[in-house]
Amino acid sequence: MTQIVASENFDAKVLKADKPVLVDFYAEWCGPCKALSPVLEQLATDYADDVDIVKVDIDASPETAASYRVRGVPTLALFQKGQVVDTVVGAQPKATLAALINRHLS
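First, a word on what this report is: a plain description of the structure on this page.

Parameters and conventions
- Residues numbered from 1 in each chain as written.
- Predicted model: local features only at pLDDT ≥ 70, side-chain atom pairs only at ≥ 80, totals over all residues.
- Heavy atoms only, no water.
- Helix = DSSP H or I, 4+ residues; strand = E, 2+ residues; numbered from the N terminus.
- Rg over C-alpha atoms; globule rule 2.2 N^0.38 Å.
- Buried < 20%, exposed > 50% of the residue type's maximum accessible area, 1.4 Å probe, protein only.
- Salt bridge = Lys/Arg side-chain N within 4 Å of Asp/Glu carboxyl O.
- Disulfide = S-S within 2.5 Å.
- Pairing = 2+ DSSP bridges.
- Contact = heavy atoms within 4.5 Å.
- Axes fitted to C-alpha atoms, helices over the stretch in contact; angles between N-to-C directions.

Helix and strand content of the chain: four helices and five strands. Secondary structure elements of the chain, listed N to C terminal, follow the sequence β-α-β-α-β-α-β-β-α. Taken over the C-alpha trace, the chain has a radius of gyration of 12 Å; the compact-globule value for 106 residues is 13 Å, and the two agree within 12%. Seen through its C-alpha atoms, the chain measures out along the principal axes to roughly 35 × 30 × 20 Å. Relative to its 106 residues, the chain shows a buried fraction of 46%.

What follows is the structure, given as structure tokens:
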């Protein structure tokens, strides 16, 4: 299951996570973000043991979004050991996001 992360707990939930974290930078008003949500829920189930999937509302946490140069939503960033290792902008099919995750699992 995906969880909402805010600026206050971003450090603990994403940057200091023991496993890779896929962050969905989204907005409530964004249609493609809403369309992507069920795909992320499926991936969260498929990769429950290997990857955490979290969502950051860019309107509620603008400083976090700005610090990662989020210009459009949805923006998905894969973090490993506190660093962004991959990024994709726009709603993507499940297979594309699974391939992105698989590239970084070892």
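Turning to the pattern of salt bridges, a few remarks are in order. Evaluated as defined, the whole model comprises five salt bridges. A salt bridge links Lys55 to Asp24; its shortest N-O distance comes to 3.1 Å. In this pair, Lys55 is assigned in strand E3 (residues 52-57) and Asp24 in strand E2 (residues 21-26), connecting sequence segments 31 residues apart. Looking at Asp24, the relative accessible area reads 0%, which means it is buried.

To continue, consider the state of the cysteines. Covalent bonding between the sulfur atoms of two cysteines defines a disulfide. The final tally for this structure, using the stated rule, is one disulfide. Residue pairing for Cys30: its cysteine sulfur links by disulfide to Cys33, the two sulfurs lying 2.4 Å apart. Residues Cys30 and Cys33 are joined through a disulfide that is right-handed, its torsion about the S-S bond being 80°. Grouping residues by exposure puts Cys30 and Cys33 together as buried.

Moving on, we come to the sheet that holds E3. Across the sheet, which stays open at both edges, the five strands sit in the order E1-E3-E2-E4-E5 with mixed pairing between neighbours. Looking at which strands have only one partner, the edges of the open sheet turn out to be strand E1 (3-4) and strand E5 (83-89). With six bridges connecting them, strand E4 (residues 75-80) and E5 associate as antiparallel partners. Paired with Phe79 across the strands is Val84, a residue of E5. Of the strands in this sheet, E2, E3 and E4 touch helix H2 (residues 31-46), which is tilted by about 155° from E3.

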